[in-house]
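Summary of structural features
Residue-level listing of the chains:
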Amino acid sequence: MTRILGIESSCDETAAAIVADGVEILSSVVASQVEIHRKYGGVVPELASREHLRQIVPVVREAVAQAGMALEDVDAVGVTQGPGLVGSLLVGLTYGKVVALALGKPLIAVNHLEGHVHAVLLEAHIAGRTPKLPGVCLIVSGGHTLLYRVEARGAGTSNGARQFSYVRIGGTRDDAAGEAYDKVARMLALGYPGGPVIDKLAVHGNALAVRFGEPKMKGNLYDFSFSGIKTAVLYYLRKHPELQAEIDARDEVLASGERSADALRGLSSQTTLDLVASFQHAVVGNLVARTLAAAENFNTESVLVSGGVAANRELRARFELESAKRGLEAFFPSRALSTDNAAMIAAAAYSKFVAGERADASLNATPNFPLGAAARDA
Ligand code: KG4
Ligand code: ZN
């Protein structure tokens, strides 16, 4: 059995995990910084790196302890190299490097985006399923909205050791989908991060009440754009000044520390609930339509969806339904594996470990680290 310590610090989660043979999660510890960034309505890079520095040692120690191991028992260390915030990445990467060098264990560099793909595979393995490839993979979070074609490379000896190759076929031209959720939640005073609350409130609104036009984009059919929808919400609010009083009321309860979806719902008119439901319907509709168009065009067998927004209930339901209609199988990580974590990094590191990929002391953070090749016609 190969036990890999994964370390993730690319954004605002300090995370460490131990994964055996790329598939069995022995521990997964995530220290979220959401409380620190909340009052700014987004991640503040300087505060993020300072908090990673405080958390990295206890988080790694906790992950090793929860796995019932000592640090010396680790067979290799997998660290996120990028993409992400440089100051944040450097904390996890430097610590991972030091641990690997001190223990004389292999160091493996992992692309954070490949980690998100492995989160789906980890979950599929737990459920006893194996996605048929080629597949399309949508990575949709607060920082990314990217679409890839994923293929199997070589014949891995086990589920965890499978190797993959990636071609980028599309991505957002402006905001990431999660960023649009967070910005709209900020305009409506629904708290930070916005996704989970909007997810809960949308159930109570009429998704067809407000019509958002399709983003008009030339060129690549598989690119996304969300800034138009966000601006449409802003214009809607300008046209409806009567909503300001409830926005102020929600701001007030948020300032008091109350953030539950139920409390915010109690302070939301039907107009607001309809707006929220319509916003979500438009965003999800876009993500599903373009991803499935790509799946059909590239003749893939499966659809993998990962990243924080993959936790969204409407997104999951519509992907399930629309994929099934087309004879495609849809795969998602559990909620815990959707958002940033280190189990996905350790899992991604394992297939590299088996393939003999090693990093050395010269490894550096790569804030804009692309995954795979770009499609030539994309
Ligand atoms: O993957 P993640 O934890 O961090 C990165 O951005 O890398 O994703 C966080 C993002 C936030 O924008 C948050 O609003 C969104 O994911 N999110 C959701 C849901 N849960 C989290 N968006 C929609 N519905 C959700 N249930
Ligand atoms: Zn991420």
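As a starting point, this report considers the structure included with it. (Residues numbered from 1 in each chain as written. Chains lettered and ligands numbered in written order. Predicted model: local features only at pLDDT ≥ 70, side-chain atom pairs only at ≥ 80, totals over all residues. Heavy atoms only, no water.)

Once that is clear, we can look at the pattern of salt bridges. Where side chains of opposite charge bring their charged atoms close, a pairing between them can arise. In this structure the tally under the stated criterion is 18 salt bridges. One salt bridge connects Arg38 with Glu35, and the closest N-O pair in it is separated by 2.9 Å. For Glu35, a relative accessible area of 52% puts it in the exposed group. In this structure, Arg250 and Glu246 form a salt bridge, with 2.8 Å as the shortest nitrogen-oxygen distance. With Arg250 and Glu246 both in helix H8 (residues 244-255) and four residues apart, this pair spans about one turn of that helix. Both residues of the pair, Arg250 and Glu246, belong to the buried class. (Salt bridge = Lys/Arg side-chain N within 4 Å of Asp/Glu carboxyl O. Buried < 20%, exposed > 50% of the residue type's maximum accessible area, 1.4 Å probe, protein only. Helix = DSSP H or I, 4+ residues; strand = E, 2+ residues; numbered from the N terminus.)

So, on to the packing of aromatic side chains. For the structure shown, the criterion picks out six aromatic pairs. With a centroid separation of 6.4 Å and an interplanar angle of 80°, the aromatic rings of Tyr148 and Tyr166 are classed as edge-to-face. With Tyr148 in strand S7 (residues 145-153) and Tyr166 in strand S8 (residues 163-171), this residue pair connects regions lying 18 residues apart in the sequence. Across this residue pair, the class does not change: Tyr148 and Tyr166 are buried. Seen from their ring centres, Tyr350 and Phe353 are 6.5 Å apart, and the 20° between their planes marks the pair as stacked. In this pair, Tyr350 and Phe353 both sit in helix H13 (residues 343-354), three residues apart, roughly one turn of the helix. On the basis of relative accessibility, which here comes to 18%, the residue Phe353 falls in the buried class. (Phe/Tyr/Trp six-rings, centres within 6.5 Å; stacked < 30°, edge-to-face > 60°.)

A word on the coordination of the zinc ion (ligand 2). Here the zinc ion (ligand 2) is held by the protein donor atoms His112 (NE2), His116 (NE2) and Asp340 (OD), which lie 2.1 to 2.2 Å from it. The motif formed by the donor residues of the zinc ion (ligand 2), counted along the single chain, is H-x3-H-x223-D. Note that His112 and His116 are positioned in helix H4 (residues 112-126) at a spacing of four residues, about one turn of the helix. Given the relative accessible area of 2%, His112 is considered buried. (Donors = N, O, S within 2.8 Å, 3.2 Å for Na, K, Ca; no water.)

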